[in-house]
Structures are given as structure tokens and as C-alpha cells.
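Notes for the structure review
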Amino acid sequence: EVAAAVAAADTAMTEQGTGGDTVADVPSTPAEQPPTPPPPPPTAADSAFDAAFDAMAAPSGVADDDAFEASPPPTLRPPTPPPTIRPPTPPPVTVECMVCSDEFEVASPEWISNELCGHGFCRSCWQGYLDVQIREGGGAKVVCAAFGCQVPVSDRVAEAAA
């Protein structure tokens, strides 16, 4: 069937005058080629297209390519750093005085910790404790007010409570 279809197509092309050429019928050298016809003259649409293309291709405000090449390079700026994101401020740390049970911020000047042992009390309680220890101690070494703690009270605690 395929051979019959090819033969029918070949016959149809030959009858229309479009088929039948063989390799021997095609010119093989440029001298035997027919001359190329000249291009058609430009139309008004071609001219309008060329003008629009030239306007888009030329940099704005520049008369010619030499002026464009002579312009200074653009000024480069360092990249803008990202905004600084700060963590939220933590709430103040509060502690309870073991003598009077009032609450104080650790950073408050009203809270005094003995740096030798780490125990802390409010200023008022340290003052009362130190007054009693000095009056009744008879010159003995004053130790921390925490129950059972035998660590001496530092000079800084004594000065801060005064």
C-alpha cells in the first residue's frame, strides 16, 4: 500500500509540473545558479519600524555612541545592612527576702548579697541583723544571716547596709 501511495503522489506532482527533478537536473556550481533577485524597495512601514528601533536602541539623552562611552561609571554603594533584631528584654529577676518575705529585684540597690556565700537579704533586714550582731557580739566575727551559714559577712555587705 505504501508503494502505491508514493507512486500516486509522484504522478500527481509530475502532472502539476512540480516533480520529476532529479539530482542531475539541479545546478551544482554557483555559476550555474540563477541570479538572486534584488530585495524589494523599503516601504513606509519599514522606515517607521527602523526609526522606532533606533530610538529604543539609543541611550536616552546621548547623541552618539562616543559620548555614551565617555560617561563616568556609576557610583557603587555598599549594600544596606539588614535591620538589627534585638531579643526582647527579659523581665527583671525578683527574689524574696528570707527574713521579711518582701520581694525585690536582684538589680535593685535595696537587695544586698553576700558575695562570699551567695545569700542575700534586703537592706533593711541586713541593717537590723548587723546592728544586733555588733551590739550583742562583743567584737566577735559577724557571720551571714542565713540559718546555719557560718561564712563571714563581707566588708561590702557591711558598707552597703550602713
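Residues numbered from 1 in each chain as written. Predicted model: local features only at pLDDT ≥ 70, side-chain atom pairs only at ≥ 80, totals over all residues. Heavy atoms only, no water.

1. Here's the deal with the overall build of the protein
Note the following rule: Labels follow the DSSP assignment, with helices taken as runs of H or I lasting at least four residues and strands as runs of E lasting at least two, numbered in each case from the N terminus. Burial here depends on accessible area, computed with a 1.4 Å probe over protein chains only, as a share of the maximum for the residue type. Under 20% is buried, over 50% is exposed, and the range in between is partly exposed. Throughout, a residue-residue contact means that at least one pair of heavy atoms, one from each residue, lies within 4.5 Å. Accessible surface is estimated by sampling points in the Shrake-Rupley manner with a 1.4 Å probe; for residues, cover comes only from the protein chains shown.
On a plain count of helices and strands, the protein comes out with five helices and four strands. In sequence order, the secondary structure elements of the protein are arranged as α-α-α-β-β-β-β-α-α. Within the protein, the proportion of its 162 residues that are buried is 13%. The long-range fraction of contacts in the protein, counting pairs at least 24 apart against all pairs at least 6 apart in sequence, stands at 39%. Of the accessible surface of the protein, which amounts to about 13,300 Å², a share of 61% is contributed by carbon and sulfur atoms.

2. Observations regarding the confidence of the model for the protein
Low-confidence regions, as indicated by low pLDDT, have predicted coordinates that should not be scrutinised in detail. To be explicit about the condition: pLDDT: the predictor's confidence for each residue, scored from 0 to 100.
On average, residues of the protein carry a pLDDT of 76, and 67% of them reach 70 or more. Considering each helix and strand of the protein separately, the mean pLDDT is smallest for helix α3 (residues 65-70), with a value of 57, and largest for strand β4 (residues 120-122), with 93. Within the model, pLDDT remains below 50 along residues 18-22, and this stretch shows five contacts once partners closer than five positions in the same chain are excluded.

3. Focus: the packing of aromatic side chains
What counts is decided by this rule: Here is the rule: rings of Phe, Tyr and Trp (six-membered ring for Trp) pair when centre to centre is within 6.5 Å. Planes less than 30 degrees apart are stacked, more than 60 are edge-to-face, and the remainder are tilted.
Taken as a whole and assessed by the stated rule, the structure comprises three aromatic pairs. Summarising the aromatic geometry, the rings of Trp126 and Tyr129 are spaced 6.3 Å apart at their centres and angled 70 degrees between planes, so their arrangement reads as edge-to-face. One end of the pair, Trp126, and the other, Tyr129, are both in helix α4 (residues 123-137), three residues apart, so they sit about a helical turn from each other. With a relative accessible area of 1%, Trp126 lands in the buried category. Taken together, Phe121, Trp126 and Tyr129 form an aromatic cluster joined through their ring pairs.

4. So, the nonpolar core
Looking at soluble globular proteins, one finds that nonpolar side chains tend to be buried together. Condition: Joining through side-chain atoms within 4.5 Å is the link that ties buried Ala, Val, Leu, Ile, Met, Phe, Trp, Tyr and Cys residues into a set, and such a set is a nonpolar core.
Judged by nonpolar contacts, the single largest core of 18 residues is most densely connected at Cys97, Phe121, Trp126, Tyr129, Leu130, Cys144 and Val153. Of all elements in the fold, only β3 (111-113), β4, α4 and α5 (155-161) reach the threshold of two or more residues within this core. When residues of this core are assigned to their parent elements, the largest contribution, four residues, is made by α4. Other than its neighbours up to four places away in sequence, Trp126 contacts Ile112, Asn114, His119, Gly120, Phe121, Cys144, Ala145, Val153, Val157 and Ala161.

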